[in-house]
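Topology and contacts: notes
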Amino acid sequence: METIKYIGERIFIGQLGHFFVMLSFVAALLSFGSFYLACKKSDLFVFARIAFKIHAVAVIGIIAVLFIMLFNHYFEYQYVFQHSNREMDMKYILSCFWEGQEGSFLLWTFWNVVLGLILNKQLKQTEWEAPVLMIFSLVQVFLASMLLGIYIGDYKIGSNPFLLLREHQDFYNIPVLQSPDYVSKLSGRGLNPLLMNYWMTIHPPTLFLGFSSTLVPFAFALAALFNRNYQGWQKTALPWTLFSILVLGVGILMGGAWAYEALSFGGFWAWDPVENSSLVPWLVIVAAGHTMIINKNKGGSLFTTHFLAITSFLLVLYSTFLTRSGVLGNASVHSFTDLGMTGQLVLYVLTFIFLSVALLLSDSLIRVTYVVISILLWFAALLYGYKKLILGVWSVSSLGLIVYAYYKYFPKEKEEEELYSREFWMFLGSIVFLLSALIITYFTSVPVINKLFGLDKAPPKPYVYNEWMLPFTVLIMILVAAAQFLKYKKTDAKTFYKRISKAGALSLVFGLACSIPLYVIGNEENNISVYNLIFYILLFTSALFTVFANFDYWFSVLKGKVGKAGASIAHIGFALIVLGALISTSKKTTLSKNTAAQKVSSLGTEFDDQKSILLTQGDTLPMGPYLVTYKGKRKEGINYYFDVDYFKPGASDKPEYDFTLSPSVQDNPRMGRSPEPDTKHYLNRDIYTHVTYGVMEMDTSKAYLNAYSDAKNFIGHAGDTIIASNALVVIDSIKADKTKAEYYKSDSEIVVTAVLKAITSQSKVYYAYPQYIIKNNVVIPKEDVINPLGLKFVFWKINPQEGTVEITLSEKNSNTKEFIVLEAYMFPYINVLWIGCILMAIGTGIAVRERLRLLKAVNHQTH
Amino acid sequence: MKKLHIVGLLIIAVAIGVIFISLNNTSSYADFSKAANNPEDEFHVVGKLDKTQPQIYEPQINPDEFSFTMTDNNGLAKRVVLHKSKPQDFEKSEQIVLIGKMKSDVFHANDILMKCPSKYNDGKNQLN
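Note that this is a predicted model, so its numbers are computed, not measured.

So, the interface of chain A and chain B
Tallying the contact residues gives 53 residues for chain A and 52 residues for chain B. If you tally residues by element for the side of chain A that touches chain B, the top one is helix α16 (residues 422-444) of chain A, at seven residues. Of the residues that constitute the side of chain A that touches chain B, the class distribution is 29 nonpolar, 11 polar and 13 charged.

Re the sheet that holds strand β21 (residues 791-799) of chain A
Residue and element names in this part refer to chain A. Strand order in the open sheet made by the four strands is β13-β22-β21-β20, with antiparallel pairing throughout. Each having just a single partner strand, β13 (712-716) and β20 (784-786) make up the two edges of the open sheet. Direction aside, the axes of adjacent strands within the sheet are offset by 30° on average. Relative to strand β22 (residues 804-811), β21 runs antiparallel, the two sharing eight bridges. Its bridge partner being in β22, Val794 is matched across the sheet by Thr808.

A few points about unusual backbone geometry
Its identity as a non-glycine residue notwithstanding, Trp271(A) has a phi of 50°, on the positive side. Among the secondary structure elements, Trp271(A) is positioned in the loop between α10 (234-262) and α11 (273-298). At Ser104(B), a residue that is not glycine, the phi angle is positive and equals roughly 40°. Tracing the chain through its elements places Ser104(B) in the loop between β6 (95-103) and β7 (106-115). Residue Ser104(B) is classed as exposed on the basis of its C-beta count, with 7 C-beta atoms lying within 10 Å.

Thoughts on the domain arrangement of chain A
Residues and elements named next belong to chain A. Considered domain by domain, chain A is made up of domain 1 (1-196), domain 2 (208-349 + 422-458), domain 3 (361-412), domain 4 (469-587), domain 5 (601-695 + 820-827) and domain 6 (707-817). A C-alpha centroid distance of 25 Å is found between domain 1 and domain 2. On the domain 2 side, the residues contacting the 19 residues of domain 1 number 21 residues. At eight residues, helix α5 (residues 101-123) tops the list of elements feeding residues into the side of domain 1 that touches domain 2. Class assignment of the residues belonging to the side of domain 1 that touches domain 2 gives a composition of 13 nonpolar, four polar and two charged.

Brief notes about the packing of α11(A) against α16(A)
Residue and element names in this part refer to chain A. For the pair α11 and α16, interaxial distance at closest approach is 9 Å and the crossing angle is 160°. Relative to α16, α11 is oriented roughly antiparallel. Between α11 and α16 lies a crossing of left-handed hand. Partitioned by chemical class, the residues of the contact of α11 with α16 number 15 nonpolar, nine polar and two charged.

Let's talk about the pairing of strand β4 (residues 66-72) of chain B
All names here are of chain B. Most of β4 is tucked away, with five of its seven residues classed as buried. For strand β2 (residues 43-49) and β4, the ladder comprises three bridges, and the chain directions are antiparallel. When the sheet's bridge partners are listed, Lys48 is paired in β4 with Thr71. The pairing of strand β3 (residues 56-57) with β4 spans two bridges and is antiparallel. By the bridge assignment for β4, Ile56 is matched with Ser67. By the bridge criterion, six bridges tie β4 to strand β5 (residues 77-82) in an arrangement that is antiparallel. Opposite Thr71, over in β5, you have Ala77 as the bridge partner.

The rules behind these values
- Residues numbered from 1 in each chain as written.
- Chains lettered and ligands numbered in written order.
- Predicted model: local features only at pLDDT ≥ 70, side-chain atom pairs only at ≥ 80, totals over all residues.
- Contact = placed C-beta atoms within 7 Å.
- Helix = DSSP H or I, 4+ residues; strand = E, 2+ residues; numbered from the N terminus.
- Nonpolar A, V, L, I, M, F, W, Y, C, P; charged D, E, K, R; others polar.
- Pairing = 2+ DSSP bridges.
- Axes fitted to C-alpha atoms, helices over the stretch in contact; angles between N-to-C directions.
- Buried ≥ 20, exposed ≤ 12 C-beta atoms within 10 Å, placed from the backbone.
- Domains from an automatic or database assignment.
- Parallel < 35°, antiparallel > 145°, perpendicular 65-115°, else oblique.
- Left-handed = near helix turned anticlockwise from the far one by under 90°.

So this is what it looks like as structure tokens:
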């Protein structure tokens, strides 16, 4: 192939970007190596710190180059081409940056660098600096390699964001790239319009900062194993862990808010694998934070703290694998596509599990044996296959060694924990969190389990998650409410019950008084199962218990001081989130009741026949407490808005205008049509609507008016009448070209013709002859059209037993009136949930500040 | 026996319970013939839309009923009644996953997942 001399390509900047990628990788590697050596030889510290700073500069360099390229529209680069275009508003440039996999890895790397630099400063000259930064650097080595885009043999390592379009395997042979001046002809594909909103500018960076921050307790825990000092790191890591709880929590809730406001999930939480995989690390890091507090105040819980801190980060890695390897396939609506990095992601997850187990084994003989055998197994898997078997053997033996390490290396408490002690209840709470996290992980991993064991299980539906989480949440609520009233070590049972009696009595009275009428009365209509009924009432009451108990503790024990009440406020927030989620989900009511439908609930509880309402333009219909009118649609850009007016029955039954909602459908060139809800917010409820079906075409052009709308089906026999909007169509006769016997004999083809006679209101008569053809046992319907009336018939089915035929009728768009199909729900008290989110964030923030203050005070004393 | 050991045993019991119950209760992927043999059980059936057969949607009569014909991965075509409104972009779907039960030769679906060619796909054929 002759080489083309391309005009106008800006080669240098891409090379600069790739240089930074290489530099960041090499510097991270050097930093890892030198911090490792610095654990023993302190004269390497200076070099190690410089290496980490060079890595930091390189990462910022990559980001800067990518931004310059996006900002100046260098479409000859694949990343810029795929994620931006000229027409796009510049305020979305950040979203372009992290829309792709490479960009989101970069975001993660960036936050790790920021946290690493701060941590390095904080830990300077301590025994923790070298091992913690060593772990940080190692993670950075792996993350930086995700951008390398180099081949070793057939294995591709990472995906380089600085590839030219003509170098990229998906694009290199598109025609426009054959012309030398292609650069001037290009415009980018642009950002996915669904992501063009403010949530996408703030949600990913928050979430990724949350993911990054789980690295800090992980690095400390591994450093502790490395240093054989299990005791000394918790006080330094605690503020970081609380920070992680705060940021990751806010990130997840932002995702929920985005789903509620802008996506048509029909709620704020859908147990989607992508949502779950950010929730699970959060649950575990919360558990870790609490065992750290136990350890700090009373000692003990050493193994659990290490285990949780390590597991949380490993679950972040596992989530990355789940959502980015394409393994979820059909199970998730918004996982990334496979970039061919599945193998690499699996390798990373396994490497860090391996590393954690290896460091856990303090006996050097056992450790070396484990390392050697693991590496041998890995080679065996590469060379001979049996990957699943080897993975199984390795996993089981690693698990066995973890249990062994727990018994052998970790100091045990001499005496048993008291039942009435704060540490026991907090510990129990942490275990419940861990257990819920494991169950959610198990459910989310069904596609992985299918792959591993050759099963064909379907991923569980949201209600399965809800039902499983109910008892755990009740348990958590009771523990959170009561634990603060217990002292560390031992509390007298009588005093304890006396102290919680106030909150307990209040919540029992309020809880039962509210929840029993809410759930039991009128339940014949709602059909809540007994299991759910009991747990709704229990959860309602126990969540109130948490709220009251923490208020009580805040005011009677902490004397209302805000600075010390971080935990109480965060716990109140958490209980309100639970309460808001419970009420708004369990009492979610469908306003758009479909009165016309036949009942399909006989098919099972999963079938719900009251979902949608048809609104014809101009007509007014009752819907829930409202009267609604569909006014019409309008188009703005690629969004189609459907304006629906809501009226309330006013005085003397005259409808009074209340408000207008305009749910929309985005005609997204990349993802197809996606509905966007519109919600009316009240203090105590939300009216949430979205259009599930609507005709999008705005044009009154001939092409549109002459197109046919959806078919209606008619079942009947000769002599029956089909009603069209502009004519009565009589089935005149049904004729076959041969008898059944002849057909079986000749075994070739039978043609059955329906003679249809359409009579208009002006008594004009038209005929149509749709045919039902069986050829070699395959049915091929042949349509027929009455053009002057805009009617199309398909004769598609014969039911010999009933003696009926089925014919569908579609009419030209010009025949019909405009309509939409709408779903409308009422979410009661969903604001309780959002208030809870804000309180939890504030409370955790206060706790971070307080812990930092305490840490400073301690450090001050010791220096 | 320590309290913590009791906690540990409880965890193991719950974990085994979860695995056992979920293996028995969750629906699984199947084809139409398996669904037809077990009319009481819910299945996920994967297949493709049969475009030669009519798609019927009459929102004036019932906005929550849409019927079409799907061919499963074994090539068996069955009539499907989806008890929901007609999904957007239905015609463009490359692959369909139906969730529901088979009753007297008709598959009644309570939910549908569609794979559309461009959904989150940064791939090919989108240059214009």
